[in-house]
Amino acid sequence: MVGYQGGSMEDFTALYQALEKPLLRYLWTFVRNATVAEDLLQEAFLQIHRARHTYMPPRPVKPWVYAITRHVALMYLRSQRRRRESLAEQDLPEVPVPPAMERIADRATVMRLLRELPRAGQEVLVLHHLLGLSFDEVGQIVGVTAGTAKVRAHRALKRLRQAIEEEGGRA
Amino acid sequence: VSRDGLPAELRRRIEADLEPVRPLPPVWRRTLLVAVVAVAVFAVMLALIPLRADMATIPLWLSWGGSALQLLVGLLLIGLALREGVPGAGSAAGVIAGVATLAVLTQALVGFATWRMAPGTEPIDRPVHVGMRCLEHDALLAIPALLITLALLWRALPVRPQTAGLLGGGGAALTADAVTHLLCPVSDLQHVLVWHCGAVVFLMLLGWIGGTIWCLRGRR
């Protein structure tokens, strides 16, 4: 990141390559549409570029990048709400499911039930369980304490497990 | 999409503007800049305008101590506002609510203690007129600190601009009222609670509006 602030295109490319997929997954939790998520990814990287002077070494890069990406997604959602548009939901092909979750349900079921969770819990769950960020980092991105992030993730995971069990019961 | 996975349009736009940038100074240094301005306003005003007539009856810890407390809490709010300018470094929602409450409480407590120790020089015959003058005084004194805080914020990227503006407005109001506390001759509790606490709320609102304008400008 320091090299990129110094004007290195190679360092920007490395940052893009390292973060492209996780950011795409994160954006998908907001828009649930692969095409729009990809457009927003470009917008997020442009915003990252415009705000690159706000990154202060040696702070961790991830919370900074994810917070900007979240900002881009929320701005998009607000503008979409104003225009009263809705998007067709599409799965993002690359979204993986952690092995722990795959043991209790298949990928499609987990993704479908994840979609039905409230956005706040879903976001924290995705950031921590799917993208591997610590609760401290999640708190910094979402603007809550690490403890609150943990509670949200715990509640969301509990609801997800309950939903999976109910599905199993029905089956 | 090029071989390295970078979309061509993104690559073009990044390459067109790839000048080296200097990272923002740490929050404490930017807060110090606002502190210098706030203290300069404080010093100039106290040099120009005579202190309140009942100054001798108020204990030192409450007169100068109260002002110092207001100044410190104000700068704390400004520091938190400036932190909002760094994505991923903002405070948790609970902290912000707590600090905004602390700002109004500090104002109310200093006013209450002053009223208990020195219950006013004379009755006010036109409370609204006097109150408006105090509100105007606080707002005018707060403007330099508020403008610098907002300018520093807009140079960064506040992802919650309204929150940042609200904190900046509250902080600037408290630094301004640190001066007014030593000048305003009215200790009447109603006057302090309505007009001096009102000034804090008013400037918080002003900062919030500033944040909203910035947000709308960014969307266009």
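None of the values given here were measured: they were computed from a predicted structure.

Thresholds, definitions, all that
- Residues numbered from 1 in each chain as written.
- Chains lettered and ligands numbered in written order.
- Predicted model: local features only at pLDDT ≥ 70, side-chain atom pairs only at ≥ 80, totals over all residues.
- Heavy atoms only, no water.
- Helix = DSSP H or I, 4+ residues; strand = E, 2+ residues; numbered from the N terminus.
- Buried < 20%, exposed > 50% of the residue type's maximum accessible area, 1.4 Å probe, protein only.
- Contact = heavy atoms within 4.5 Å.
- Areas by Shrake-Rupley, 256 points an atom, 1.4 Å probe, with all protein chains shown as cover.
- Lys, Arg positive; Asp, Glu negative; His and termini not counted.
- Charge placed at Lys NZ, Arg CZ, Asp CG, Glu CD.
- Salt bridge = Lys/Arg side-chain N within 4 Å of Asp/Glu carboxyl O.
- Core = buried A, V, L, I, M, F, W, Y, C linked by side-chain atoms within 4.5 Å.
- Buried area = accessible area lost by both parts, 1.4 Å probe.
- Polar contact = N/O pair within 3.5 Å; in protein donor to acceptor, adjacent residues only side chain to side chain.

### Digging into the overall build of chain B
Okay, step 1: When helices and strands are tallied, chain B shows seven helices and zero strands.
Okay, step 2: Counting from the amino terminus, chain B carries its helices and strands in the arrangement α-α-α-α-α-α-α.
Okay, step 3: Across its three principal axes, chain B shows a C-alpha extent of roughly 80 × 30 × 25 Å.
Okay, step 4: Out of the 220 residues belonging to chain B, those deemed buried represent 51%.
Okay, step 5: Long-range pairs, those at least 24 residues apart, make up 87% of the contacts in chain B between residues at least 6 apart in sequence.
Okay, step 6: When the accessible area of chain B is evaluated, it comes to approximately 10,600 Å², of which 69% is carbon and sulfur surface.
Okay, step 7: The positive charge centre, built from 17 side chains, and the negative charge centre, built from 13, are 9 Å apart in chain B.

### Describing the overall build of chain A
Okay, step 1: A count of helices and strands for chain A gives nine helices and zero strands.
Okay, step 2: Taken from the N to the C terminus, the helices and strands of chain A come in the order α-α-α-α-α-α-α-α-α.
Okay, step 3: The buried share of chain A, reckoned over its 171 residues, is 54%.

### Focus on the pattern of salt bridges
Okay, step 1: Tallied over the full model, the rule gives six salt bridges over all chains.
Okay, step 2: A salt bridge links A:Glu123 to A:Arg70; the shortest N-O distance between them is 2.7 Å. In this pair, A:Glu123 sits in helix α7 (residues 119-130) while A:Arg70 sits in helix α4 (residues 61-83), placing the two residues 53 residues apart along the sequence.
Okay, step 3: Under the relative-accessibility criterion, A:Arg70 is labelled buried at 16%.
Okay, step 4: Between B:Glu9 and B:Arg12 there is a salt bridge, with its nearest N and O atoms 2.9 Å apart. Of this pair, B:Glu9 and B:Arg12 both sit in helix α1 (residues 8-15), three residues apart, which is roughly one turn of the helix.
Okay, step 5: Residue B:Glu9 is classed as partly exposed on the basis of its relative accessible area of 43%.

### Considering the environment of A:Pro63
Okay, step 1: On the secondary structure map, A:Pro63 appears in helix α4.
Okay, step 2: Given the relative accessible area of 2%, A:Pro63 is considered buried.
Okay, step 3: Spatially, the C-alpha atoms of A:Pro63 and A:Gln140 are 6.2 Å apart, while their sequence positions differ by 77 residues.
Okay, step 4: Ignoring any residue separated from it by four or fewer positions in sequence, one finds A:Pro63 in contact with A:Glu137, A:Gln140, A:Ile141 and B:Gly88.

### Structural notes on the nonpolar core
Okay, step 1: In this structure, A:Phe45 and A:Leu127 are the most contacted members of the largest nonpolar core, which totals 63 residues.
Okay, step 2: The dominant element in this core, judged by the number of residues it contributes, is helix α2 (residues 9-31) of chain A, at twelve residues.
Okay, step 3: Excluding residues within four positions of it along the chain, A:Leu127 makes contact with A:Tyr26, A:Tyr66, A:Gly132, A:Leu133, A:Val138, A:Ile141 and A:Val142.
Okay, step 4: Membership of the second largest hydrophobic core comes to 40 residues, among which are B:Val34, B:Leu146, B:Ala164 and B:Leu182.

### So, the interface of chain B and chain A
Okay, step 1: Of the residues lining the interface, 36 residues belong to chain B; the matching set on chain A comes to 36 residues.
Okay, step 2: Approximately 3,000 Å² of surface area, both sides summed, lies buried where chain B meets chain A, with 67% of it carried by carbon and sulfur atoms.
Okay, step 3: For the pair chain B and chain A, the number of links is zero salt bridges.
Okay, step 4: At the junction of chain B with chain A, the criterion picks out seven residue pairs in polar contact (both at pLDDT 80 or more).
Okay, step 5: Only α1 and α7 (189-219) of chain B provide two or more residues apiece to the side of chain B that touches chain A.

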